[in-house]
Amino acid sequence: MDTPELPANLAFLRRLVTVLTIIMIGGVVTVVGLLVIRLNADPAPLHLPDQVTLPDGTTATAFTVGSDWYAVVTAGDEILIFDQVTGTLRQTIDVQMAAD
């Protein structure tokens with residue numbers, strides 16, 4: 001029994017779908033590979049100060065680093081912002097709770 005030959009348009013469409021499927025599989029493999037490589041890379045080192053001198057009577061509860069500053073949140077609801085290079089206190093921000 002002879003199989004009928006596909007029309008030219010249908011044969012082209014079949015090849016096109018096959019090529020697009022291969023390209024999609026290649027793209028997914030590439031994205032997964034890049035994610036694995038990126039997620040397994042060592043994170044950039046943080047430039048943390050060796051020590052932080054807090055004002056007397058304050059206790060640190062949180063710490064964060066900016067581009068050229070670092071901040072310490074104290075138990076007294078203050079945010080102390082220090083210069084990252086010199087370690088001097090730049091700004092003190094009082095955190096106040098909003099009224100309901």
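Report on the accompanying structure. (Residues numbered from 1 in each chain as written. Predicted model: local features only at pLDDT ≥ 70, side-chain atom pairs only at ≥ 80, totals over all residues. Heavy atoms only, no water.)

In terms of helices and strands, the protein carries 1 helix and 4 strands. Counting from the amino terminus, helix and strand elements in the protein follow one another as α-β-β-β-β. For 100 residues, the compact-globule formula gives about 13 Å, and the C-alpha radius of gyration of the protein, at 30 Å, lies well above that figure. C-alpha atoms of the protein, sized along the principal axes, occupy 95 × 40 × 20 Å. Per-residue burial for the protein yields a buried fraction of 8% across its 100 residues. A separation of at least 24 residues holds for 7% of the contacts in the protein among residues at least 6 apart in sequence. Of the roughly 8,700 Å² of accessible surface on the protein, 62% is carried by carbon and sulfur atoms. Distance from the positive charge centre (4 side chains) to the negative charge centre (11 side chains) of the protein: 26 Å. (Helix = DSSP H or I, 4+ residues; strand = E, 2+ residues; numbered from the N terminus. Rg over C-alpha atoms; globule rule 2.2 N^0.38 Å. Buried < 20%, exposed > 50% of the residue type's maximum accessible area, 1.4 Å probe, protein only. Contact = heavy atoms within 4.5 Å. Areas by Shrake-Rupley, 256 points an atom, 1.4 Å probe, with all protein chains shown as cover. Lys, Arg positive; Asp, Glu negative; His and termini not counted. Charge placed at Lys NZ, Arg CZ, Asp CG, Glu CD.)

This brings us to the packing of aromatic side chains. This model, assessed by the stated rule, comprises 2 aromatic pairs. A ring pair is formed by F63 and Y70, whose centres lie 5.7 Å apart and whose planes are at 35°; its orientation type is tilted. Residue classification places F63 among the partly exposed residues on the basis of a relative accessible area of 39%. Classification of Y70 by relative accessible area gives buried; the value is 3%. Three or more aromatic residues joined by ring pairs form one cluster here, namely F63, Y70 and F82. (Phe/Tyr/Trp six-rings, centres within 6.5 Å; stacked < 30°, edge-to-face > 60°.)

Another aspect to go through is the pattern of salt bridges. Under the definition given, this model contains 2 salt bridges. Put simply, D68 and R90 hold a salt bridge, and the shortest N to O gap is 3.1 Å. With D68 in the loop between β1 (60-65) and β2 (69-74) and R90 in strand β4 (residues 89-94), this pair connects stretches of sequence that are 22 residues apart. A relative accessible area of 37% means that D68 is categorised as partly exposed. Taking relative accessible area as the criterion, R90 reaches 41% and is therefore assigned partly exposed. (Salt bridge = Lys/Arg side-chain N within 4 Å of Asp/Glu carboxyl O.)

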